[in-house]
Amino acid sequence: MADVLKSTTSSGPRAAEANPVARFFRATEIDTRLLGMIGALVIIWIGFHIITGGLFLTPRNLWNLSVQTTDIAIMTTGMVLIIVTRNIDLSVGSVLGLCGMIMGVTQAQILPQYLGFDSPFTWAITLFVGLIAGCLIGAFQGIIIAFLNVPSFIVTLGGLLVWRGATWLVTSGQTVAPMDQTFRIMGGGAEGSIGATWSWIVGIAACLFVIASIIGSRRQRRRFGFPLRPVWAEYFLASLSCVLILGAVWIANSYYWPINIAKRYAEANNIPWPETGLDIPYGIAVPVLIAIVVGIIMTFIATRLRFGRYVFAIGGNPEAAELAGIKTRWVTVRIFALMGILAAVAAAISTARLNAATNAQGTLDELYTIAAAVIGGTSLAGGTGTIAGAMLGALVMQSLQSGMVLAHVDTPLQSVVVGTVLVVAVWLDTVYRARAK
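Residues numbered from 1 in each chain as written. Predicted model: local features only at pLDDT ≥ 70, side-chain atom pairs only at ≥ 80, totals over all residues. Heavy atoms only, no water.

An unreviewed UniProt entry lists the protein under the name Xylose transport system permease protein XylH, with Rhizobium bangladeshense as the source organism. As stated in UniProt under Function (unreviewed entry), the record for the protein gives "Part of the binding-protein-dependent transport system for D-xylose. Probably responsible for the translocation of the substrate across the membrane." (UniProt positions renumbered as here; feature names shortened; annotations may be inferred.)

K.L.:
Let's hear about the overall build of the protein: which residues, and what values?
P.N.:
A tally of regular secondary structure across the protein gives 18 helices and zero strands. Whereas a compact globule of 437 residues would reach a radius of gyration of roughly 22 Å, the protein reaches 24 Å, a difference of no more than 12%. Overall, the C-alpha framework of the protein stretches about 85 × 65 × 50 Å when taken along its three principal axes. Contacts spanning at least 24 positions in sequence make up 79% of the contacts within the protein whose residues lie at least 6 apart. Summed over all atoms, the accessible surface of the protein reaches about 22800 Å², with 68% contributed by carbon and sulfur. With 27 positive and 19 negative side-chain charges, the protein shows a spacing of 13 Å between the two charge centroids. (Helix = DSSP H or I, 4+ residues; strand = E, 2+ residues; numbered from the N terminus. Rg over C-alpha atoms; globule rule 2.2 N^0.38 Å. Contact = heavy atoms within 4.5 Å. Areas by Shrake-Rupley, 256 points an atom, 1.4 Å probe, with all protein chains shown as cover. Lys, Arg positive; Asp, Glu negative; His and termini not counted. Charge placed at Lys NZ, Arg CZ, Asp CG, Glu CD.)

K.L.:
Would you mind going over helix α7 (residues 122-147) in detail, with residue names and values included?
P.N.:
Along its 26 residues, α7 runs 37 Å from first to last C-alpha, staying within 8% of the 38 Å computed at 1.5 Å per residue. Positive backbone phi, approximately 60 degrees, marks asparagine 149, located one or two places after α7. (Expected span 1.5 Å × (residues − 1).)

K.L.:
Kindly report on the packing of helix α5 (residues 92-110) against helix α15 (residues 328-354), identifying the contributing residues and their values.
P.N.:
Orientation of α5 relative to α15, taken along the N-to-C sense of each, is 55 degrees, at an axis distance of 8 Å. On the basis of their axis angle, the class for α5 and α15 is oblique. As α5 packs across α15, the resulting crossing turns out to be right-handed. The residues of α15 that touch α5, namely those facing Val92, Val95, Leu96, Cys99, Gly100 and Met103, are Met339, Ala343, Ala344, Ala346, Ala347, Ala348, Ser350 and Thr351. Its residues assigned to classes, the contact of α5 with α15 comprises eleven nonpolar, three polar and no charged. (Axes fitted to C-alpha atoms, helices over the stretch in contact; angles between N-to-C directions. Parallel < 35°, antiparallel > 145°, perpendicular 65-115°, else oblique. Left-handed = near helix turned anticlockwise from the far one by under 90°. Nonpolar A, V, L, I, M, F, W, Y, C, P; charged D, E, K, R; others polar.)

K.L.:
Quick rundown of the confidence of the model for the protein? Include the residues and the values.
P.N.:
Chain-level pLDDT for the protein is 90 on average; 95% of the residues reach the 70-or-more range. Of the regions scoring below 50 in pLDDT, residues 1-16 engages in three contacts with residues more than four places distant in sequence or in other chains. (pLDDT = per-residue confidence, 0-100.)

K.L.:
Give me helix α10 (residues 231-253): which residues, what numbers.
P.N.:
Here α10 contains 23 residues, and its C-alpha end-to-end distance of 33 Å stays within 8% of the 33 Å for a straight helix at 1.5 Å per residue. Along α10, the positions that sit buried rather than exposed are Ala233, Glu234, Leu237, Ala238, Cys242, Val249, Ala252 and Asn253. Looking at the buried positions of α10, the neighbouring elements they touch are α2 (20-28), α4 (59-84) and α9 (195-224). (Buried < 20%, exposed > 50% of the residue type's maximum accessible area, 1.4 Å probe, protein only.)

K.L.:
An account of the packing of aromatic side chains is needed here, citing residue identities and associated values.
P.N.:
Scanning the model with the defined rule gives eleven aromatic pairs in all. Seen in terms of ring centroids, phenylalanine 24 and phenylalanine 236 are 5.3 Å apart; in terms of plane orientation they differ by 80 degrees. Their pairing is edge-to-face. Taken together, the residues span a long stretch of sequence, with phenylalanine 24 in helix α2 and phenylalanine 236 in helix α10 at a distance of 212 residues. With centroids separated by 6.4 Å and ring planes inclined at 50 degrees, the aromatic side chains of tryptophan 45 and phenylalanine 56 adopt a geometry described as tilted. Within this pair, whereas tryptophan 45 is found in helix α3 (residues 32-51), its partner phenylalanine 56 is found in the loop between α3 and α4, the two being separated by eleven residues in sequence. (Phe/Tyr/Trp six-rings, centres within 6.5 Å; stacked < 30°, edge-to-face > 60°.)

K.L.:
Talk me through the pattern of salt bridges; I want residue IDs and the actual numbers.
P.N.:
Under the criterion given, the structure shown has five salt bridges. Among the salt bridges present, the one from arginine 229 reaches glutamate 29, with a minimum N-O distance of 3.2 Å. With arginine 229 in the loop between α9 and α10 and glutamate 29 in the loop between α2 and α3, this residue pair connects regions lying 200 residues apart in the sequence. Of the residues examined, glutamate 29 reaches a relative accessible area of 41% and is grouped as partly exposed. A salt bridge links arginine 229 to glutamate 234, with the nearest nitrogen and oxygen atoms 3.1 Å apart. Assessed through its relative accessible area of 12%, arginine 229 is described here as buried. Since its relative accessible area comes to 10%, glutamate 234 is described here as buried. Put simply, Glu29, Arg218, Arg221, Arg229 and Glu234 are held in one network by salt bridges that share partners. (Salt bridge = Lys/Arg side-chain N within 4 Å of Asp/Glu carboxyl O.)

K.L.:
Account for the nonpolar core, naming residues and giving values.
P.N.:
A general feature of soluble globular proteins is that nonpolar side chains tend to end up buried together. In this structure, Met75, Met79, Leu81 and Met298 are the most contacted members of the largest nonpolar core, which totals 80 residues. Looking at this core element by element, the count peaks at 14 residues for α15. Beyond its immediate stretch of four places on either side in the chain, leucine 81 contacts Met298, Ala302, Phe307, Val311, Ile335 and Leu338. (Core = buried A, V, L, I, M, F, W, Y, C linked by side-chain atoms within 4.5 Å.)

K.L.:
Before we move on, can you summarise the packing of α4 against helix α12 (residues 286-304) with the specific residues and values?
P.N.:
Where α4 contacts α12, the two axes come as close as 9 Å, and the packing angle between them is 15 degrees. Of the possible angle classes, the one that applies to α4 and α12 is roughly parallel. Where α4 crosses over α12, the handedness of that crossing is left-handed. Residues Ser66, Val67, Thr70, Ile74, Thr77, Gly78 and Leu81 of α4 form the contact with α12, whose participating residues are Pro287, Val288, Ile290, Ala291, Val294, Met298 and Ala302. Within the contact of α4 with α12, the residues separate by chemical class into ten nonpolar, four polar and no charged.

K.L.:
Any chance you could break down unusual backbone geometry for me, citing the residues and the numbers?
P.N.:
Negative phi is the rule for most residues except glycine; trans is the rule for most peptide bonds. In this chain, alanine 177 is followed by proline 178 through a cis amide linkage whose omega measures -10 degrees. Secondary-structure assignment places proline 178 in the loop between α8 (152-171) and α9. Its identity as a non-glycine residue notwithstanding, leucine 364 has a phi of 70 degrees, on the positive side. For leucine 364, the position within the fold is in the loop between α15 and α16 (365-375).

The structure is reproduced here in structure tokens:
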């Protein structure tokens with residue numbers, strides 16, 4: 001019997017070692033769950049491309065998709081930390097709307113009285129005011145949650161109503177427009193993109209950053225005696241990353257300015273208009289760059305700083321974290337303050353893209369933000385989540401919306417699909433964690 005048991009238990013590892021797919025994933029350390037999400041995204045893209053008659057996978061739609069994803073992608077990076085600590089924030093959409101209205105009033109009504117119109121300082125002061133407002137709102141909610149022991153669901157549900165009402169009160173329901181010319185760069189468009197040359201420079205710099213990160217990680221592993229990935233796996237990951245980055249740059253550079261905008265640009269710069277027209281690439285949009293930078297910073301905070309370790313420790317076991325000396329209440333306040341700052345950044349991008357501050361800004365964004373985080377692998381039970389997965393979840397959500405719009409799906413049915421996807425994502429998360437145990 002012992003021989004039978006020994007042969008039975010030892011056949012598993014040998015079978016795994018004999019499986020080339022298992023050896024490949026073990027060597028490259030690719031997150032299979034994240035890979036599965038990428039596979040689902042590819043299926044969604046191909047499916048909508050077929051349904052829309054070839055309209056989805058075009059440079060124009062992919063460029064617009066990247067810009068439209070930035071608001072949710074930025075806010076979901078903060079939502080990950082909130083959900084990890086077993087909290088929730090239902091007010092981010094309303095906070096976005098209020099910060100957007102505050103920034104709109106600041107640059108369109110208040111600052112012109114003192115600095116005049118198109119002052120070079122207007123955009124910076126406006127952004128600073130918006131970030132401070134978002135930080136104070138988030139910290140205020142965090143203090144109520146942490147020190148008054150009111151559940152985050154109730155506090156932020158109240159915030160959803162309070163801040164939305166405050167948005168209306170700021171201007172009595174009026175739309176504020178137009179925005180400062182420099183401020184509008186954060187919204188994308190022809191003026192809010194960096195062009196072909198700078199896009200290639202950014203792409204090459206990103207490739208060098210990835211290669212340097214892989215080399216640095218290998219040196220750190222060798223220094224502390226951790227297992228090293230095979231050299232071929234390092235080359236594969238570096239090559240794959242560079243191909244994806246440069247491919248994204250190529251797509252961004254394949255989308256050109258509309259003819260009317262290109263003509264005005266040519267006239268303003270005394271450029272002769274050729275008979276075949278003037279093809280000026282958009283390149284990478286500024287809001288996309290902002291979202292990428294935010295993602296990198298938030299990943300660094302979550303994985304490299306003591307604050308990030310505290311966040312995951314609290315999510316894993318709040319009582320043990322407090323007994324270990326972690327000031328859990330102040331960590332909670334800081335998380336919600338950070339969430340408010342990220343909502344203000346998203347508000348700046350949204351306001352700049354619309355070239356106006358409206359009362360409807362951010363409506364239902366809280367649901368899309370939470371859905372993106374959950375779809376990206378953040379557990380509502382707390383303790384686990386990744387920034388990269390959440391941002392990919394935001395891209396999945398926006399891809400569904402964009403594809404349904406191109407396919408002329410009615411708005412009520414779009415809500416049905418999004419709600420169904422959210423429920424299925426939570427169910428799959430439950431099944432995944434049950435099997436992991």
